[in-house]
Every structure is written in structure tokens, then in C-alpha cells.
Amino acid sequence: MRRIISVLLENEPGALSRVVGLFSQRNYNIETLTVAPTEDPTMSRLTVTTTGSERVIEQITKQLNKLIEVIKLVDLTEGAHIERELMLVKLKATGSQRAEIKRTVDIFRGQIVDVTSSVYTVQLAGDSAKLDGFIQAIGATGVLEVVRSGVSGIARGEKVLSL
Amino acid sequence: MELLSGADMLIRSLQDEGIENIYGYPGGAALHIYDALFRQDTVKHILVRHEQAAVHMADGYARATGKAGTVLVTSGPGATNTITGIATAFMDSIPMVVLCGQVASTLIGEDAFQETDMIGVSRPVVKHNLSVRHPSEIPEIIRKAYYIATTGRPGPVVVDIPKDMTAPNDRYEYVFPKKTKLRSYNPAIRGHAGQIKKAVDMLLAAKRPIVYAGGGVILGKASGQLTEMVRGLGYPITNTLMGIGCYPASDKQHIGWLGMHGTYEANMVMHNADLILAIGARFDDRVTNATEKFCPGARIIHIDIDPASISKTISADVPIVGPVDSVLKEMQSLIKESKVRPDADALAAWWKQIDEWRAFHGMRYETSDDVIKPQEVVEMLHRLTNGDAYVTTDVGQHQMFAAQYYKFDKPNRWISSGGLGTMGFGLPAAMGIKLNFPDEEVLCITGEGSIQMNIQELSTCKQYSLPVKIINLNNQALGMVKQWQDMNYGARHSHSYMDSLPDFVKLAEAYGHEGIKITRKEDLEPMLKKALAMKDKLVFVDIYVDPSEHVYPMHVARGSMKDMWLSKTEKV
């Protein structure tokens, strides 16, 4: 099962490597990983998407919690949540393709952020499935380069992950 | 205002932390610290011959006293040599602080002489590690290191100290923090009351209960509470290898230790139990055998300070996260208050069954008129030391024989690398204990393979007068490897023997100690007595034992707990 685990971490050198090290030491998967400081510069917010059985996910959250620098964490997939990923993608855009790509970008509510005579660079945000859907709609042959940020997530409603 | 250099702050912090002995080896990056050590006499330093031994010494001390051990080494090879010792402590949750020199912060990352990323190298085998980034942080970091090492589930903490952080001319105000608090680290201080109540109800309703206690009982200093509770209930108790001594082995409710080489009765009781009360144990693979076949009829209460140990390999029905001593205390008072008593008829029937299992096997081995059996050596040592010695071991057959035939009635006396299984642990661990308990008998039961992994420490023993007794169960083979090859590899003894063993008597003498070689059965008792009578001498007792002996019982691989070999020919 795919899970999104959101972690508040001390913003200290080496803290991230402990998290990443834990996943490889214990043979857990990392599908995506994002990390950046929060509004409080002493803390980082880290989001990791992973897959595993119920038992593995329970171990992942427990083992993460055991790391001294982990302040708090939440498995966002346990409740209603919003997930977003940012993608920048370079597409081959010549001749009649240009209009077709423009239409597809509009349908997916993306933006063309850079243009040359043969290339569109598109920015698209959404959940991971939407980004996958866009690539599928364009077709692999038209895609020159893809860069994805990995998933960030936040709980819906009043729930807050903070100190 | 008192101004101190980083090196002086470090030593002063150790003093303020109450550290008496540290174990280590100097080198370039640690020289400022060694100079500060030289200029005081409160903290005593023991110079080992290899850094791994320093860690095992600190570990032996920690296991025997329950306090954190302390190690001091230099950067690079000094630091990497500690890794096996740190991993050993980590697997067995032993509190320890390892102070490592590092190249100057200005050189880090430049592949400087004796530079190793010790923070990175040690990360998978420490509870935590800390790096000094300004000399003034040192007192705070040292306090934090001991706090983390000794609280919650204990473990080793590494502190990496770049050389410029200890420079003699950079002085700062010394303030030792009285308390330390980390917002991201709050170990449980008591168990959940509702869960404890539920556990007590289940415990009192059980028909075929078993208490399964682990090393956490010893680390949590809860042997007293455990013994009181189990005696009051009249239930059978088993313990893990790491839990040996947490409940008196001579007590009739104690059915021996469990697992791969545990007693027949302990494994049978576990398999047939309807309730398992696991306390400070972690359902390790050497206990459970195949997890999918584990104790099919049992409901499980699991008490542990580490939530990640609960439901890791075996799901718990009632998890309780908390310190073992406080949880047991609360359970005991609920048991006393409760009107429900254990079902006497069910318990009597259970004990009748247990006694039948005991009678069926118990611990036994075939004696011989000609060769010395390793088991009889251990039994004799138990008798000659009144069962009251500190016993360290290395790893292999001798370790299992020692655990099976030396019956411990007290905690903290069985000192063995259970989790990592580190050969070379026994001698330095014994040294760490002897140094701190000079009047106690300290035995290192070892084998001719293991002892050679840290044999150089005989020199340290001479320097600091550490008269431990080394009992070398010499079967001229890596016995446990050979046993597995006998059982699983058609007796093809691939590299499990040594052709050119040293003359251990001469070796001991070369280091300035006594050596005794025993080959004949009739010499065993008088020679052991003679060795033990030499109170102020390290005696290396080299005993030639039956090379064909195997350790039994032994779990049948991939079976359940009840599937065991009881001898070379009997399988149940």
C-alpha cells in the first residue's frame, strides 16, 4: 500500500542522512522524498512516499520516531489529505504538435513557462497520478526531459503537524 | 568566570558526569584530549592494545554495573576499530559513550591523514551520534550523549571531536548543564494504565501461562519486581540468552532459557502456552524459529520501552510501551488488589505437564571416561565458584555450554554478546569487570578460536593487574561452525579448524601470566582449583575438550519452537 509520511525533523546536519539511511538499512522503499526548512528555521519538514504492508508501514513510522532528531510524524494517508507534486517537463513542439500540446496543457491546468521554436517547457502541479496522466496523454515520444519534485502533503481541515 | 580549553572541558565534563574509568588509545587527533587527561587524576584511563577491546571493556563494565561505559580513541583507524564493539553494544542495548578524535574541522572532507567520516560510518550502529562544531558546546554535548545513552532503550552514542575543538589556547566559559532536555526525544516514563489493566486481567485468566523475560529486565533493573510478581503468581518463567540471571535459575519456577539452544521444556512450554507475557524481550529469530509457526495458541502481552520492538516480528495482542520496572510495579499492585486469583486447577495441570517435559529431557549430555566434556567443565566451574562468578564469554559452542550449565541466580553476571555474536568480546569484557570489581571472581569462558581475536589484551591485563581467569574450552575447531557443517553440509569442514594453534601456556607466560594445560579428565578438578586459588594472577587454563561434541537441544531449522534436535540422533 502506498503511504505518505510527513516528518518534522530537527534542521541539523546529518539528520536527513539518518532518515535515508534508515530506509536502506531496514530494506524499506522510498518512492519520493522532499525536504525543506519550515517557517521555524530550526525544523525541516520531510515528506516521504513509500509502499509496504501494514506491518512494514507500522515499523517505518516506529523506527522513524526512534531517530533522536525526529520531532513528530504523521501518516497522512490515514486521514483526508492533500498531496501535490510539481513537474517541469520539456516537450518536443513543432508544427501541428504545438497547438495540440497547448490544448493538453490547458486541460491539465498546466502552464507553458518557456518556449523555443521546437520546445515547450511545461509546469504542472497535482497529485502523482495526474502528472502520470499528463505524460501518458502527451505520449513518451514527445517527452524530452522530466523533473519531478516528489510528493508534498498536508492534512485537510484543522489538523496540523507542528510542535 | 572559569575559562577552559575544549580538551579540558571534555575531561571536566566527564568528571562532572561521574565517570571514573575510560578505556582508550591515543593518536594524533586526540592528543589535546590526552594532554588534558594527563593533567588531572580523577578520570583514570586504561590503555588497551586495540581499540575494539576498549569498547568491549567499557561494555563489560556497563553490563555488570548498569552504568554507561566510556571510550576515547583517535580519528581514522582508531575510530573505525571501535565499530565492531559499538555494533555489539548497539545490538544488546548497552549504554556507552564513544569519544572519537577527528581531523581539524578545516580539513574535514579533504581526505586528510587519518580522516574517516565517523558520523557516517557509525550511523547504522549507534543510538545517536553527535559532532562538536564549537568548543563551547562540549559540556552540553557530553551531557546529551550520556543522557541519550542511558535513558529509554539504552545504546551507544558516538561523539566526534575535530582536533581544533580541543585546541589548548582557545578557551571558553565552562558551564556543565544540570539537566538536559531534547524536544525530539521523550522516552516513555510509564506504561498506559488501561493496557496494564487489560494485561493483568488476561494474565490472571490464563490457563497455560508463561513469562518470557529478556535483557530489558536486566537493563531496566527490574529483576526484583519480576521475581516478586512471578513467585506470587506461581507461573513458569523462561528467559532469553540476554535475560539470563533476571530470575534465579535455581528456582523451581524457572524452566531454563528458551530458543535455538534453550531447554526442551522452555520451548515446549512456549509452544503450548495460551498466554505469553513478554517482558523486555524482542522475539528475536534465535528465539522464535519460523515466525509463521510461532506459538499457535498463545495470546501475547508485550512490555517494552521501545515501541519499535513491539509487533516487529510477532504481533502483540496487548502492547505496553514503558519502562519494565514501573510497568511491573503497577501490574503487581493490580494483581494484589484483584479479587481474581489464577485458576489453581489449570495451573496444577500445567505444572504437571511441564514437569513431564522436564523429566523427558531437562539438560543432559553424555559423559565419558576418557575425554573431558565441555559441559562438565562449566558445571564444575559453577560448583567451584558457588555459582557466584561474573562470567563473560566469546561466541560459539562454549558460549552456549556456559549459558546452559552455569546457573545464574543474579542479574548482571552473565556477560555475553547475544545480538551481534562478537568473537573477541569475552576477554576485554572480563577485564572491564575485573577492573571495577577487583574482589569478585571473573571468568572468561572462551574457545581457542575466539580468544585469539583479542589475545593482545593479555598485555593490558599485565599493565593493570587484572587477574581474570581465562577458561579456554579447546576443541581445536571452530566448534559451532563445525557443528553446522556436520549437520547441514555433509561434515565438510570447510575452514573450521586451525592447524597451528599456539602453545597457550607459553603465550600466557610470555605476557607475564600463568598458564595451565589440562588434557586428562582426572586433572580437571585439581587444576581448576589450583587456577582459581591464584587470586592475584591471570591464569590461562587451556582445556582440551571433546572435539566432536555438539550443542543440544537445537531448533530444527524453519520449524516451530517445539521442533528440536535433542542429540545427534534424537529429533522431536
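Residues numbered from 1 in each chain as written. Chains lettered and ligands numbered in written order. Predicted model: local features only at pLDDT ≥ 70, side-chain atom pairs only at ≥ 80, totals over all residues.

Let us now look at the overall build of chain A. Of regular secondary structure, chain A possesses 4 helices and 9 strands. Secondary structure elements of chain A, listed N to C terminal, follow the sequence β-α-β-β-α-β-β-α-β-β-α-β-β. Once the C-alpha set of chain A is aligned to its principal axes, its extents read approximately 55 × 35 × 30 Å. Here chain A holds 163 residues, and 29% of them are scored as buried. Contacts spanning at least 24 positions in sequence make up 74% of the contacts within chain A whose residues lie at least 6 apart. (Helix = DSSP H or I, 4+ residues; strand = E, 2+ residues; numbered from the N terminus. Buried ≥ 20, exposed ≤ 12 C-beta atoms within 10 Å, placed from the backbone. Contact = placed C-beta atoms within 7 Å.)

By size, the foremost hydrophobic cluster in this structure holds 198 residues, and its most contacted members are B:Val71, B:Val159 and B:Ile276. Looking at this core, the element that brings in the most residues is helix α3 (residues 51-65) of chain B, giving 8 residues. Discounting residues that sit within four places of it in the chain, B:Ile276 has contacts with B:Ile210, B:Tyr212, B:Met270, B:Cys295, B:Ala298 and B:Ile300. Counting 12 residues, the second-largest nonpolar core is a separate cluster that includes A:Met87, A:Ile101, A:Val105 and A:Leu131. (Core = buried A, V, L, I, M, F, W, Y, C linked by C-beta atoms within 7 Å.)

With that settled, the discussion passes to the sheet that holds strand β18 (residues 469-474) of chain B. Residues and elements named next belong to chain B. In spatial order, the strands read β16-β15-β17-β18-β20-β19; together these 6 strands make up an open sheet with parallel pairing. Strands with a single pairing partner mark the edges of an open sheet, and in this sheet they are β16 (414-415) and β19 (514-518). Summarising the sheet, strand β15 (residues 390-393) and β16 pair through 2 bridges and their orientation is parallel. Looking across to β16, one finds that Thr392 is bridged to Ile415. (Pairing = 2+ DSSP bridges.)

Once that is clear, we can look at the interface of chain A and chain B. Residue-level contacts link 15 residues of chain A with 13 residues of chain B. Of all the secondary structure elements, the ones that give two or more residues to the side of chain A that touches chain B are α1 (15-25), α2 (54-66) and β4 (70-75) of chain A. Within the side of chain A that touches chain B, the residues separate by chemical class into 3 nonpolar, 6 polar and 6 charged. (Nonpolar A, V, L, I, M, F, W, Y, C, P; charged D, E, K, R; others polar.)

Residues and elements named next belong to chain A. Taken domain by domain, chain A comprises domain 1 (2-79) and domain 2 (82-152). Its C-alpha centre places domain 1 at a distance of 29 Å from the equivalent point of domain 2. With 6 residues of domain 1 at the interface, the matching set in domain 2 holds 5 residues. At the level of secondary structure, the elements contributing two or more residues to the side of domain 1 that touches domain 2 comprise β2 (32-37) and β3 (43-51). By residue number, the principal contributor to the side of domain 1 that touches domain 2 is β2, which donates 3 residues. For the side of domain 1 that touches domain 2, a count of residues per class yields 2 nonpolar, 4 polar and no charged. (Domains from an automatic or database assignment.)

Residues and elements named next belong to chain A. Little of strand β8 (residues 143-148) is tucked away, with 0 of its 6 residues classed as buried. Sheet topology places strand β5 (residues 81-92) next to β8; 5 bridges connect them, and they run antiparallel. Each bridged residue has a counterpart across the sheet, and for Val89 the counterpart in β8 is Val146.

A separate point is the domain arrangement of chain B. Residues and elements named next belong to chain B. Parsing chain B into structural domains produces domain 1 (3-173), domain 2 (193-360) and domain 3 (374-551). Contacts between the two partners involve 24 residues from domain 1 and, on the opposite side, 27 residues from domain 3. Broken down by secondary-structure element, the contributors of at least two residues to the side of domain 1 that touches domain 3 are β3 (44-47), α3 and α5 (83-91). For the side of domain 1 that touches domain 3, the element with the highest residue contribution is α3, accounting for 11 residues.

A separate point is the UniProt feature "domain: ACT" (unreviewed entry) in chain A. As recorded in UniProt, the sites labelled "domain: ACT" (unreviewed entry) are residues 4-78 of chain A. As annotated, residues 4-78 of chain A comprises 32% helix and 37% strand, and the C-alpha atoms at either end are separated by 9 Å. (UniProt positions renumbered as here; feature names shortened; annotations may be inferred.)

Residue and element names in this part refer to chain A. In this model α2 runs 18 Å from its N-terminal to its C-terminal C-alpha over 13 residues, within 8% of the 18 Å that 1.5 Å per residue would give. Where α2 is concerned, the buried positions are Ile57, Ile60, Thr61, Gln63 and Leu64. When α2 is viewed along its axis, its buried side chains cluster within an angular range of 165° and face the same direction. Exposed positions of α2 whose direction lies more than 90 degrees from the buried face are Glu54 and Arg55. Where α2 is buried, its residues meet β1 (2-10), α1, β3 and β4. (Expected span 1.5 Å × (residues − 1). Arc of directions from axis to C-beta.)

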